[in-house]
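Structure at a glance
Take a look at the letters that make up each chain.
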Amino acid sequence: MKRIMTTAGLSLFASSASAAGIDEAINEIVAPIVNPFVGMIFSSVPLPFLDAEAPWIVMWLVVAAIVFTLYLGFINVRGFTHAIRLVKGDYTDPKEPGEVSHFQALATALSGTVGLGNIAGVAVAISIGGAGATFWMILAGLLGMSTKFVECALGVKYRNTNPDGSVSGGPMYYLSKGLANKGNPAFGRTLAVLFSVCAVGGALGGGNMFQANQAFKQVVGVTGGDMSFFADKGWLFGLIMAVIVGVVIIGGIKSIAKVTEKVVPFMAIVYVGAALIIILMHIDQVGAAFGAIFNGAFTGEGVAGGVIGAMIQGFKRAAFSNEAGVGSAAIAHSAVKTKEHMSEGFVSLLEPFIDTVVICTMTALVIIITGQLYEGQELSGVALTSAAFEASLSWFPLVLAVAVVLFAFSTMLSWSYYGLKAWTYLFGESKRAEMIFKIMFCCFVVIGASMNLGPVIDFSDAMIFAMALVNIVGLYRLVPEIKADMNDYLARLESGAIQRYKG
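Conventions adopted
- Residues numbered from 1 in each chain as written.
- Predicted model: local features only at pLDDT ≥ 70, side-chain atom pairs only at ≥ 80, totals over all residues.
- Heavy atoms only, no water.
- UniProt positions renumbered as here; feature names shortened; annotations may be inferred.
- Helix = DSSP H or I, 4+ residues; strand = E, 2+ residues; numbered from the N terminus.
- Buried < 20%, exposed > 50% of the residue type's maximum accessible area, 1.4 Å probe, protein only.
- Contact = heavy atoms within 4.5 Å.
- Areas by Shrake-Rupley, 256 points an atom, 1.4 Å probe, with all protein chains shown as cover.
- Salt bridge = Lys/Arg side-chain N within 4 Å of Asp/Glu carboxyl O.
- Polar contact = N/O pair within 3.5 Å; in protein donor to acceptor, adjacent residues only side chain to side chain.
- Patch = residues over 30% accessible without salt bridge, like charges linked within 9 Å, V, L, I, M, F, W, Y side chains within 5 Å.
- Core = buried A, V, L, I, M, F, W, Y, C linked by side-chain atoms within 4.5 Å.
- Axes fitted to C-alpha atoms, helices over the stretch in contact; angles between N-to-C directions.
- Parallel < 35°, antiparallel > 145°, perpendicular 65-115°, else oblique.
- Left-handed = near helix turned anticlockwise from the far one by under 90°.
- Nonpolar A, V, L, I, M, F, W, Y, C, P; charged D, E, K, R; others polar.
- Phe/Tyr/Trp six-rings, centres within 6.5 Å; stacked < 30°, edge-to-face > 60°.
- Expected span 1.5 Å × (residues − 1).
- Arc of directions from axis to C-beta.
- pLDDT = per-residue confidence, 0-100.

Per an unreviewed UniProt entry, the protein chain is named Alanine:cation symporter family protein, and its organism is Grimontia sedimenti. UniProt lists a comment for the protein chain under the heading Sequence similarities (unreviewed entry), and it reads "Belongs to the alanine or glycine:cation symporter (AGCS) (TC 2.A.25) family."

**A few points about the overall build of the protein chain**
Scanning the protein chain from terminus to terminus reveals 20 helices and four strands. A total of 503 residues make up the protein chain; the buried ones form 60% of that total. In the protein chain, once contacts between residues fewer than 6 apart in sequence are set aside, the share between residues at least 24 apart is 82%. Roughly 18,800 Å² of accessible area belongs to the protein chain as shown, and the carbon and sulfur atoms make up 67% of that amount.

**Notes on the environment of Asn 295**
You can see Asn 295 is positioned in helix α12 (residues 283–297). The exposure class of Asn 295 is exposed, given its relative accessible area of 55%. With 160 residues separating them along the chain, Asn 295 and Phe 135 place their C-alpha atoms 9.5 Å apart.

**A look at the pattern of salt bridges**
Applying the stated criterion to the full structure yields seven salt bridges. Across the salt bridge formed by Glu 481 and Lys 182, the nearest N and O atoms sit 3.6 Å from each other. Note that Glu 481 is positioned in helix α20 (residues 454–495) and Lys 182 in the loop between α8 (171–181) and α9 (185–222), a separation of 299 residues in sequence. Residue Lys 182 is classed as partly exposed on the basis of its relative accessible area, which comes to 32%. A salt bridge links Arg 492 to Glu 340; the shortest N-O distance between them is 2.8 Å. With Arg 492 in helix α20 and Glu 340 in the loop between α14 (328–333) and α15 (341–348), this pair connects stretches of sequence that are 152 residues apart. The exposure class of Glu 340 is partly exposed, given its relative accessible area of 21%. Among the charged side chains, a network of salt bridges with common partners joins Lys 157, Lys 182, Glu 481 and Asp 485.

**Re the environment of Asn 160**
Positionally, Asn 160 belongs in strand β3 (residues 160–161). Its relative accessible area of 28% is what places Asn 160 among the partly exposed residues. A distance of 2.7 Å separates polar atoms of two side chains, one belonging to Asn 160 and the other to Lys 177.

**Some points on unusual backbone geometry**
You will see that Phe 74, though not glycine, has its phi angle at about 55°, which is positive. Within the secondary structure layout, Phe 74 lies in the loop between α2 (56–71) and α3 (75–78). According to the relative accessible area criterion, Phe 74 is partly exposed, its value standing at 44%.

**Notes on a nonpolar patch on the surface**
Nonpolar side chains collect at one region of the surface, where Val 63, Val 67, Tyr 71 and Tyr 476 lie side by side and expose about 300 Å² of accessible area between them. With respect to the helices and strands, Val 63 occurs in helix α2. With a relative accessible area of 41%, Val 63 lands in the partly exposed category.

**A look at the nonpolar core**
The tendency in soluble globular proteins is for nonpolar side chains to be buried as a group. Ranked by size, the top nonpolar core spans 141 residues in total, and within it Phe 149 and Val 150 carry the most contacts. When residues in this core are grouped by element, the largest group, 18 residues, is from helix α18 (residues 396–427). Not counting chain neighbours up to four residues away, the residues in contact with Val 150 comprise Phe 68, Leu 72, Leu 475, Val 479 and Ile 482.

**Some words on the packing of α9 against helix α19 (residues 431–450)**
Interhelical geometry of α9 versus α19 gives an angle of 40° and a closest axis separation of 7 Å. When the interaxial angle is binned, α9 and α19 end up oblique. The handedness of the crossing between α9 and α19 comes out as right-handed. Touching Val 200, Ala 203, Leu 204, Gly 207, Asn 208, Met 209, Ala 212, Asn 213 and Phe 216 of α9 are Phe 437, Met 440, Phe 441, Phe 444, Val 445, Ile 447, Gly 448 and Ala 449, all from α19. Looking at the contact of α9 with α19 residue by residue, the classes come out as 13 nonpolar, four polar and no charged.

**Observations regarding the packing of aromatic side chains**
The relation between two aromatic rings is expressed through the spacing of the ring centres and the mutual angle of the planes. With the rule as written, the count across this model stands at 13 aromatic pairs. With a centroid separation of 5.2 Å and an interplanar angle of 75°, the aromatic rings of Trp 415 and Tyr 418 are classed as edge-to-face. Here Trp 415 pairs with Tyr 418, and both are found in helix α18, just three residues apart, close to one helical turn. Classification of Trp 415 by relative accessible area gives buried; the value is 0%.

**Some words on helix α16 (residues 350–369)**
In this model α16 runs 27 Å from its N-terminal to its C-terminal C-alpha over 20 residues, within 8% of the 28 Å that 1.5 Å per residue would give. Most of α16 sits inside the fold, with 17 of its 20 residues counted as buried. Just downstream of α16, Gly 371 is the residue with a positive phi angle, here 75°.

**Notes on helix α10 (residues 234–249)**
The first and last C-alpha atoms of α10 sit 22 Å apart over 16 residues, in line with the 22 Å expected at 1.5 Å per residue. Inspection of α10 places Gly 234, Phe 237, Gly 238, Met 241, Ala 242, Val 245, Gly 246, Val 248 and Ile 249 among the buried residues, and these make up the whole buried set. The buried residues of α10 occupy one face: seen down the axis, they fall within an arc of 165°. In α10, the exposed residues that point more than 90 degrees away from the buried face are Val 243 and Val 247.

**What about the packing of α10 against α19?**
The N-to-C vectors of α10 and α19 enclose an angle of 155°; their axes lie 7 Å apart at closest approach. Classified by the angle their axes make, α10 and α19 are roughly antiparallel. With respect to the hand of their crossing, α10 and α19 are arranged in right-handed fashion. Facing Gly 234, Trp 235, Phe 237, Gly 238, Leu 239, Met 241, Ala 242, Val 245, Gly 246 and Ile 249 of α10, the residues of α19 in contact are Lys 438, Phe 441, Cys 442, Val 445, Val 446, Ala 449 and Ser 450. Residue composition of the contact of α10 with α19, by class: 12 nonpolar, four polar and one charged.

**Structural notes on the confidence of the model for the protein chain**
Summarising the model, the protein chain shows a mean pLDDT of 79, and 82% of its residues fall at 70 or more. No element of the protein chain has a lower mean pLDDT than helix α13 (residues 300–317), at 51, and none a higher one than α8, at 93.

**Here we look at the environment of Lys 182**
Residues Lys 182 and Arg 477, spaced 295 residues apart in sequence, show a C-alpha to C-alpha distance of 8.5 Å. Leave out the neighbours within four places in its chain, and Lys 182 touches Arg 477, Leu 478 and Glu 481.

Right under this line is the structure:
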């Protein structure tokens, strides 16, 4: 399903009519170029034993998650407790190299994943697949923990420490350096360049323009719609957002981490808190809701609908919710302060769990127990989630608008860093190269809020999934060394060779 972006914004020097004309002109130019690529990435294949089809890229992600979970002996379950201890700082040595703490790295990565996928993607999934889709969504999140473990551990292992003490890491580095160690330097370098190009495109589109556009749409909606002050001033909203984003990203990952470690917990408390209030208000219906989830997951319709709803509509409709296999989070985790690269693999396990298993499940429960999920209902996406919350909390649309703006803001911060590291990999580590990208990123914030760029956003979605295509090829090649490193780390942890500083 293509993302649909609608906005009433105007460009800085144009009327609404001319703005619409510009949008149409850009779409007509871009669509013939990008549509073949988008069609290739999202082309469907038949699902075995089911009368349904799914995009092959979704199956690529799911199969990889299953393989890594089995190959690593269910590390997503075995490593959960240790992951929490690491985030608490129990094993943190302040003298270790890096730029941010385990918690800051986790918060930065989560700020790129927790967002519209948790609000809109869940609603789309269960409106198509029924309540049973929630079960498959949870399963996908649990399996994705293993993929995240592999890519984030590799990100720290093969990161570069620059002369000024800053760190650069992520798939472009472990693909080039890791595959060079395996005797495939040219192949590794090719994959790294492809990944970087896709990461820059994904950062400017899905990680920037789409976020700015959706934030603008929500603000207009709660401030009067067509009568809102911002209704014809998308450029002004984008400019304000760009200035705020620019102030933060100029300071680099340390500045981004300081903001996200505050914004992400606040977002989670507000959104999950509202969900918990509604769940408690309907506590007598929670048992029936879980019954509907589990029963629906294993009926013929539930399995087909659940797989399509949760995996296709969940992963494809909101590429940011989970991101296991995309490789983006490995860029943020690479900046962590640690000498033990495997420790960050464990920390990253918590991302899909928090994002998908906890927050997405909360959204699904609210929609189910408030009675908003019924046959023939026309609402979907953000509108369905908003209606579900509003059914019990009349003031929630305003809270949702604040949440969407914060989600969009934090996502832009994270993706600005992802795009920056991909950019500097391509064009070199220099202050000039960094500043060029940061200025360009802020300009795209204004463009995203001002215009309706459907094909451009479709293309950026495809670029993000193309990152996963390239990244997972490298993960299959490098996962054996991660398994060996994991076993060594766990042995040293058990023997006490890895020092525990508190707790």
